[in-house]
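A structural walkthrough
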Amino acid sequence: MDSVAVTEIGQFDAGLQELFCDYVPQVFRRADFRRWRAWGEWNDAYRAFALLEAGRVVANASVMRMRLLLEGREVTAYQLGAVGCLPSHRGRGLARVVMNAALDGCGEAPVLLFANPKVRQFYPRFGFQPQMQTLFSASYEAVPEGTPAPTLSLEEAAVRAGLTMLSSEGLPSTERFGARGYGAVASWPVANGFARPLRQLGTEAWVFAGVEGETLYLDDVFAREPFDLRAWIPRLIDQPIRDIRFGFTPERYWPGAVASGEDMEADLFVRNLHPSREANRFPVMAHT
């Protein structure tokens, strides 16, 4: 099967992107790339390696070029996503073909992916190893106070540009095992309705955050300069809270946070990559 021609779909391949967008919801029921693409977020960092048959994509493995941070050191790496095959074409080795093509496109660079729990046995065949991810939390009682932090909409091009800028030029939420410049990754769950609201804390500090029950979930922080996140908590909540859970390693913004267990839903796999030996959590908004 490796002799089958794989087609690379890039930033300017509009017609092929349409075929890719047709493929995705047939394999991943809750996923769609159309809105994200319409926002102009498919940039030169994202490439899809697809098998085409009779004018449609039947199998695919995509790569997103990432600026990873490992213990404060920036490295170029890749994150895999949209790996799969149409149900009608399974059992023919097509997923292996596109995976090999995608990995060839990555060369010797580090690669990571967040797997579907049903296919955990698939990725070790390509040199991937499972990597534990840690949950972080902090006990913190607070009540709403002051003017609520404004909500920002990524429907607006200026907001998308602002997120791209803060992600590229600002402080990463973690340098232990994190990333920089992933605005186009963070916008994807927003475009699909999966993300918590984006809230503005001052002019150059934004967070994805939301309250569930008595817990404030802080999924990610994008900021130009260091700031006191704790001081903003009363303006991020609309009811009393008793604890905070972090979608990233919070050593910069909440050094007193504690490891509160393993993230059993992460299913992180890595190749040519050795994240921090300390407890860490790759930012959830940086997952493809």
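The structure under discussion appears in the preceding block.
Residues numbered from 1 in each chain as written. Predicted model: local features only at pLDDT ≥ 70, side-chain atom pairs only at ≥ 80, totals over all residues. Heavy atoms only, no water.

Our next topic: the overall build of the protein chain. Looking only at helices and strands, one finds six helices and 15 strands in the protein chain. Over its C-alpha trace the protein chain gives a radius of gyration of 19 Å, about what one expects of a compact globule, namely 19 Å for 288 residues. Each of the three principal axes of the protein chain carries a C-alpha extent, and together these read 60 × 40 × 35 Å. Burial status across the protein chain gives 52% buried among its 288 residues. Contacts in the protein chain between residues far apart in sequence, at least 24 positions, make up 74% of those at least 6 positions apart. Per element, the accessible surface of the protein chain, about 13,200 Å² overall, is 48% carbon and sulfur. (Helix = DSSP H or I, 4+ residues; strand = E, 2+ residues; numbered from the N terminus. Rg over C-alpha atoms; globule rule 2.2 N^0.38 Å. Buried < 20%, exposed > 50% of the residue type's maximum accessible area, 1.4 Å probe, protein only. Contact = heavy atoms within 4.5 Å. Areas by Shrake-Rupley, 256 points an atom, 1.4 Å probe, with all protein chains shown as cover.)

What the rule picks out here adds up to 19 salt bridges. Here D219 ties to R196 by a salt bridge, and the two come within 2.9 Å at their closest N and O atoms. With D219 in strand β12 (residues 215-223) and R196 in the loop between α5 (183-191) and β10 (198-200), this residue pair connects regions lying 23 residues apart in the sequence. Owing to a relative accessible area of 9%, D219 belongs among the buried residues under this scheme. (Salt bridge = Lys/Arg side-chain N within 4 Å of Asp/Glu carboxyl O.)

Residues F20, L68, M99 and F128 are the most contacted members of the largest nonpolar core, which totals 78 residues. In contact with M99, not counting residues within four places along its chain, are A61, L80, V83, F122, Y123, F126 and F128. Formed by 25 residues, the second largest nonpolar core is a distinct cluster that contains A209, A223, I233 and L236. (Core = buried A, V, L, I, M, F, W, Y, C linked by side-chain atoms within 4.5 Å.)

Take the side chain of S62 next. Here S62 lies in strand β3 (residues 56-70). With near-sequence residues (within four places) excluded, S62 lies in contact with F20, Y46, R47, A48, Q79, L80, G81 and A82.

Within α5, eight of the nine residues are buried, which leaves the element mostly enclosed by the surrounding structure. Among the residues making up α5, those that are buried are G183, A184, V185, A186, S187, W188, P189 and A191. After α5 finishes, the residue G193 shows a positive phi value of roughly 75 degrees.

Spatial strand order, β8-β10-β11-β12-β13-β7-β14: seven strands in an open sheet with mixed pairing. Looking at strand neighbours, the two that pair on one side only are β8 (151-152) and β14 (258-262), the edges of this open sheet. Relative to β10, β8 runs antiparallel, the two sharing two bridges. Opposite T151, over in β10, you have R199 as the bridge partner. Contacting β8, β10, β11 (205-212) and β12, helix α4 (residues 157-169) crosses the sheet at an angle of about 105 degrees to β11. (Pairing = 2+ DSSP bridges. Axes fitted to C-alpha atoms, helices over the stretch in contact; angles between N-to-C directions.)

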